[in-house]
Amino acid sequence: MTSVRELESLQNELSKVVKHDETYWRQNDAKFRAVAQNATYDQFEEIVKASHLKPLEKKDKSPGNKSKSSIWNSISLSSKKLSLNATLEAAQPPAAGTGGSSSHVTGGGAASSHPTLTDTTKSCGSDATGGGRSSFAT
């Protein structure tokens, strides 16, 4: 007759084989999904590696999160506000009566240290070769 140890070892072996078989077919299905999506090799590899993951269901989410709305990254939010304010200030035209003191922000006027596009196109016509012509043209 068979002993209890033999039955336990047979049961353990069977459970390992079943688990291996489930893993094989899960990964195989993921491979076919990746091929159907025309994924790159890196994407293909990630899809196969993540084949054991399952999406969250409604019952998996904690009910306390509905009433509690907190910002998880407040530093990022404050830096976005600062950059948005700086962008808006730079985009506004100078106020009347300031006398062009903010011409460096808008890029206009002769006092600007940065030439505008129109300033550079005016100066392109006169160069050392004479009238903007190439030195190779005769």
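Everything in this summary refers to the structure shown in the same document. (Residues numbered from 1 in each chain as written. Predicted model: local features only at pLDDT ≥ 70, side-chain atom pairs only at ≥ 80, totals over all residues. Heavy atoms only, no water.)

Quick word on the overall build of the chain
For step 1, the next point in the chain: Secondary structure summary: the chain contains five helices and zero strands in total.
For step 2, the next point in the chain: For the chain, the succession of helices and strands along the chain, N to C, is α-α-α-α-α.
For step 3, the next point in the chain: Counting only carbon and sulfur atoms, one obtains 58% of the accessible surface of the chain, whose full area is about 12700 Å². (Helix = DSSP H or I, 4+ residues; strand = E, 2+ residues; numbered from the N terminus. Areas by Shrake-Rupley, 256 points an atom, 1.4 Å probe, with all protein chains shown as cover.)

Things to note about helix H1 (residues 4-36)
For step 1, the next point in the chain: Across its 33 residues, H1 extends 48 Å between first and last C-alpha, which sits within 8% of the 48 Å expected from 1.5 Å per residue.
For step 2, the next point in the chain: Every buried residue belonging to H1 is among Asn-28, Ala-30 and Ala-34, and all of these are buried.
For step 3, the next point in the chain: Those residues of H1 hidden inside the fold are in contact with helix H2 (41-49).
For step 4, the next point in the chain: Immediately downstream of H1, the backbone of Asn-38 shows phi near 55 degrees, a positive value. (Expected span 1.5 Å × (residues − 1). Buried < 20%, exposed > 50% of the residue type's maximum accessible area, 1.4 Å probe, protein only. Contact = heavy atoms within 4.5 Å.)

Regarding the pattern of salt bridges
For step 1, the next point in the chain: Per the counting criterion, the structure on display carries two salt bridges.
For step 2, the next point in the chain: Lys-59 is the salt-bridge partner of Glu-57, the closest N and O atoms lying 3.9 Å from each other.
For step 3, the next point in the chain: In this structure Lys-59 comes out as exposed when scored by relative accessible area, which is 69%. (Salt bridge = Lys/Arg side-chain N within 4 Å of Asp/Glu carboxyl O.)

What to know about the side chain of Ser-51
For step 1, the next point in the chain: The residue Ser-51 is located in the loop between H2 and helix H3 (74-91) in this model.
For step 2, the next point in the chain: In this structure the side chain of Ser-51 is engaged in a polar contact, spanning 2.9 Å, whose partner is the backbone oxygen of Val-48. (Polar contact = N/O pair within 3.5 Å; in protein donor to acceptor, adjacent residues only side chain to side chain.)

Here we look at the environment of Asn-28
For step 1, the next point in the chain: Mapped onto the secondary structure, Asn-28 falls in helix H1.
For step 2, the next point in the chain: Overall, the relative accessible area of 17% leaves Asn-28 in the buried class.
For step 3, the next point in the chain: Sequence separation between Asn-28 and Val-48 is 20 residues, and the spatial gap between their C-alpha atoms is 8.0 Å.

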